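A closer look at the structure
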Amino acid sequence: MRYPKKRPRTAQADFLPVTIVLLVGVVLSALAFFAVRAHYKSIDRQRFQRDTAFYGTSFKNDVERQVASLAAMHAFVSASRTVDRWEFSAFAHQILPQNSGFKAVLWIPRIEQKARKSFEAKLQRDGLYGLHIRETTANGDLINAGTRPMYLPVAYIQPFDGNGSVAGLDLSIVPTYARLFRVAQQTGRVAASPPVSHALVEAAGAPTVLVAFPLLPRAGTSEEGADRNPQGYVLGVLQLSRIVEDAIASHTMSLEAAISYGDAADPKVFTSGHSTATIDVNRWIGASAFSRDVPFDIAGQRFHLLMRSAEHEDAVTLFYLPLVAALLELALTALLVQSMLSTIL
């Protein structure tokens, strides 16, 4: 009985399983690289979300504390009524060291024309000899203020060193301050300005926000006029960049933060160390892997705390460890291929 002869196996058929194993190994190696990379990137994302949630809350609490401290200054002036320069300075010395966001605090009384001379005499009795209510010219020179029905001069400022030239300056004709005081008068509550480029005090870092508490006449007293004009304003010069530094930058190197302000469709980010320089949000985020926007309000003004991860990603977790996993997979594939070839050859 004849049996059919077996067809000899070709070299191609012998090496086909080896080729398949090799290709599968290469694919698994690539998958291992991207899987390990995605795993560590997920860990980084979770850490970023956790850190930004913590620092965002800390920053907002710091902002609220700063405004509350200015409210305490307002309450002090309201209760004292006849507070002098030294009492204001002593109380401010207790407030400012604990609230480094404030570059300065000021007391701005409302002075009628008929009370101008007595106000100037009081300033001089407090040690500001020869000082009068003043205004600035178009060239920035200080001159005695002209005659007008009402003034809003700087009576006290703390710290005084470096800012003494502001004393006596009438802010009622300075547009930025006049708008702020008008809002505070109309609402009867604390008001805040948009970021300002020039805050009158020395070396105020951007973005600088002016916060004003109106001192309203006491209800049911002879001080309460028909128009309820404030008796004055407690004004704080708030440096948001300093709060960012205290709440975030001084505690972590893995995050960078900045303040943005403006139209919701095109907000601008204030760059560090510049009083007016801004860039758009996408440019600021740049190549950072993660970013987060934390909105916050100061007396009705909406700002945004932007946080981004460091631009340089961790090469160990995002390249070297995934590469090790891929090489390990390739090594296992090579061993299997070697074993298969030993049985064929």
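Note that the structure is a prediction, hence the values are computed from the model and not measured.

A few words now on the overall build of the protein chain. Check the secondary structure of the protein chain and you find 7 helices and 14 strands. Relative to its full complement of 345 residues, the protein chain shows a buried share of 41%. Here the protein chain displays about 19200 Å² of accessible surface, and carbon together with sulfur accounts for 57% of that area.

This part is about the sheet that holds strand E12 (residues 278-280). Strands belonging to one sheet form pairs held by backbone hydrogen bonds; the direction of such a pair is parallel or antiparallel. Spatial ordering of the open sheet is given by E12-E11-E10-E14-E13, a layout of 5 strands whose pairing is antiparallel. Bordering the open sheet on either side are E12 and strand E13 (291-298), each of which pairs with just one other strand. With strand direction ignored, the average angle separating the axes of adjacent strands in the sheet is 35°. Note that strand E11 (residues 268-270) and E12 share 3 bridges and pair antiparallel. Bridge assignment links Phe270 to a residue of E12, and that residue is Thr278.

In this section: the nonpolar core. In terms of nonpolar packing, the biggest core is built from 50 residues, with Phe59, Met73, Leu240, Phe296, Ile298 and Leu305 touching the most fellow members. Per element, the largest residue contribution to this core is 9 residues, and it comes from helix H1 (residues 11-80). Beyond its immediate chain neighbours, meaning those up to four positions away, Phe59 contacts Leu240, Ile243, Val244, Ala247, Ile259, Phe296 and Leu305. Core analysis: the next-biggest nonpolar cluster, separate from the first, contains 22 residues, Ile108, Val201, Leu210 and Leu235 among them.

Moving on to the pairing of strand E1 (residues 102-109). With 7 of 8 residues buried, E1 is to be regarded as a mostly interior element. Bridging between E1 and strand E6 (residues 156-158) involves 3 bridges; their strand directions are antiparallel. In the sheet register, Leu106 faces E6, and the bridge partner there is Ile157.

Our next topic: the side chain of Ser172. Examined against the element boundaries, Ser172 turns out to sit in the loop between E6 and helix H4 (175-187). Note on Ser172: relative accessible area 19%, which makes it buried. A distance of 2.9 Å separates a polar atom in the side chain of Ser172 from a polar atom in the side chain of Asp170. Apart from residues lying up to four places away in sequence, Ser172 is in contact with Arg148, Met150, Tyr151, Leu152 and Ala178.

All right, on to the packing of aromatic side chains then. Considering all chains together, one arrives at 10 aromatic pairs under this definition. Pairing Phe296 with Phe303 gives two aromatic rings, centres 5.7 Å apart and planes at 20°, and the pair type is stacked. Taken together, the ring pairs in this structure connect Phe59, Tyr261, Phe296 and Phe303 into an aromatic cluster. When the ring centre of Trp284 is taken as reference, the NZ or CZ atom of Arg308 above it lies at 4.2 Å.

On the secondary structure map, Gln338 appears in helix H7 (residues 315-344). Using a relative accessible area of 53% as the deciding quantity, one classes Gln338 as exposed.

Negative phi is the rule for most residues except glycine; trans is the rule for most peptide bonds. A cis geometry characterises the amide bond from Gln158 onward to Pro159, with omega recorded as 5°. Along the chain, Pro159 falls in the loop between E6 and H4. For Ala299, which is not a glycine, the phi torsion comes out positive at approximately 50°. For Ala299, the location among the structural elements is in the loop between E13 and strand E14 (301-309). Assessed through its relative accessible area of 36%, Ala299 is described here as partly exposed.

This part covers the sheet that holds strand E9 (residues 232-239). Judged by pairing direction, the sheet is antiparallel, and its 5 strands sit side by side in the order E6-E1-E9-E8-E7 without closing on themselves. Edge positions in the sheet fall to E6 and strand E7 (191-192), since each has one partner strand and no second. As judged from the 8 bridges shared by strand E8 (residues 208-215) and E9, these two strands associate in the antiparallel manner. When the bridges of E9 are listed, Leu210 appears paired with Val237. Contacts between H4 and the sheet are confined to E1, E7, E8 and E9, with E8 contributing the most and set at about 45° to the helix.

For the rest of this paragraph, the subject is a nonpolar patch on the surface. Together, Leu16, Ile20, Val24, Val27, Leu28 and Leu31 line one region of the surface with nonpolar side chains, adding up to about 530 Å² of accessible area. Structurally, Leu31 can be placed in helix H1.

Criteria and thresholds
Residues numbered from 1 in each chain as written. Predicted model: local features only at pLDDT ≥ 70, side-chain atom pairs only at ≥ 80, totals over all residues. Heavy atoms only, no water. Helix = DSSP H or I, 4+ residues; strand = E, 2+ residues; numbered from the N terminus. Buried < 20%, exposed > 50% of the residue type's maximum accessible area, 1.4 Å probe, protein only. Areas by Shrake-Rupley, 256 points an atom, 1.4 Å probe, with all protein chains shown as cover. Pairing = 2+ DSSP bridges. Axes fitted to C-alpha atoms, helices over the stretch in contact; angles between N-to-C directions. Core = buried A, V, L, I, M, F, W, Y, C linked by side-chain atoms within 4.5 Å. Contact = heavy atoms within 4.5 Å. Polar contact = N/O pair within 3.5 Å; in protein donor to acceptor, adjacent residues only side chain to side chain. Phe/Tyr/Trp six-rings, centres within 6.5 Å; stacked < 30°, edge-to-face > 60°. Lys NZ or Arg CZ within 6 Å of the ring centre and 35° of its normal. Patch = residues over 30% accessible without salt bridge, like charges linked within 9 Å, V, L, I, M, F, W, Y side chains within 5 Å. Salt bridge = Lys/Arg side-chain N within 4 Å of Asp/Glu carboxyl O.

Structural measurements only, silent on function.
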